[in-house]
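Here is how the chains run, residue by residue.
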Amino acid sequence: MNVSTLFGIIAALQHAEDVKNSFRASKGPCYNHAGYCSCRKGELCNLALARALKRDPGNLFKQWRRVEHILRGVIITRKRAAPGNRPRRYICLAEKWVHAVEEAAEHSWVALREKLGGG
Ligand SMILES: [Zn+2]
């Protein structure tokens, strides 16, 4: 996943409600019909996220799986059983996501320092 996609995801999640509202008029993801999507406030479903970034949902998900473990604690994924044509993943930004990014960077630095042979 490239950096602009990653920052695009974070930006879309920060403004999840605005993103969803922008789909309302076109009956896009989250508004197809009653009960279609069960995203909660602050969450975007996988389909809404792909639409926001103008990406193919399947393709975006493949890239996502490669970075998901790095972003644990920053971006939270809720999974839900649903038919194949409906959203099954709901994604939101952790409340303290900036803090979580800092923590992940600190862990990386500790690992890097060990490799460099420092104390
Ligand atoms: Zn949705």
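Scoring rules and cut-offs
- Residues numbered from 1 in each chain as written.
- Predicted model: local features only at pLDDT ≥ 70, side-chain atom pairs only at ≥ 80, totals over all residues.
- Helix = DSSP H or I, 4+ residues; strand = E, 2+ residues; numbered from the N terminus.
- Expected span 1.5 Å × (residues − 1).
- Buried ≥ 20, exposed ≤ 12 C-beta atoms within 10 Å, placed from the backbone.
- Pairing = 2+ DSSP bridges.
- Core = buried A, V, L, I, M, F, W, Y, C linked by C-beta atoms within 7 Å.
- Contact = placed C-beta atoms within 7 Å.

Here's the deal with helix α5 (residues 97-116)
Item 1. The end-to-end C-alpha distance of α5 is 28 Å, a good match for the 28 Å that 20 residues give at a rise of 1.5 Å each.
Item 2. Burial analysis of α5 places just zero of its 20 residues in the buried class, which makes it a mostly uncovered element.

Here's the deal with the sheet that holds strand β1 (residues 44-45)
The strands that make up a sheet are held in pairs by hydrogen bonds between backbone atoms, and each pair lies either parallel or antiparallel.
Item 1. Here we have three strands laid out as an open sheet, ordered β1-β3-β2, and antiparallel in their pairing. What marks the edges here is a single partner per strand, and that holds for β1 and β2 (75-79).
Item 2. Sheet topology note: the β1/strand β3 (residues 89-93) ladder contains two bridges and is antiparallel. Bridge assignment links Leu 44 to a residue of β3, and that residue is Ile 91.

Observations regarding unusual backbone geometry
Item 1. The residue Lys 54 is not glycine, and still its phi comes out positive at about 55 degrees.
Item 2. Relative to the elements of secondary structure, Lys 54 occurs in the loop between α3 (46-52) and α4 (57-67).

Section: the nonpolar core
Item 1. With 20 residues, the main nonpolar core has Ala 12, Leu 13, Cys 39, Leu 44, Cys 45, Ala 48 and Leu 49 as its most contacted residues.
Item 2. Secondary structure elements with two or more residues in this core: α1 (3-14), α2 (16-24), β1, α3 and β3.
Item 3. Of the residues forming this core, the biggest block, five residues, is contributed by α3.
Item 4. Beyond its immediate chain neighbours, meaning those up to four positions away, Ala 12 contacts Val 19, Leu 44, Leu 49, Ala 52 and Leu 53.

Digging into the environment of Arg 72
Item 1. Structurally, Arg 72 can be placed in the loop between α4 and β2.
Item 2. Arg 72 sits in the exposed class, given 12 other C-beta atoms within 10 Å.
Item 3. When the C-alpha positions of Arg 72 and Ser 4 are compared, they lie 19 Å apart, and in sequence the two are 68 residues distant.

Focus: the environment of Pro 29
Item 1. On the secondary structure map, Pro 29 appears in the loop between α2 and β1.
Item 2. Pro 29 gets classed as buried once you count the C-beta atoms within 10 Å, which come to 24.
Item 3. For the pair Pro 29 and Ala 48, spaced 19 residues apart in sequence, the C-alpha separation works out to 5.2 Å.
Item 4. Those residues in contact with Pro 29 that sit more than four places away from it in its chain are Phe 23, Cys 37, Cys 45, Leu 47, Ala 48, Arg 51 and Pro 87.

Scope: geometric values only; no functional claims are made or implied.
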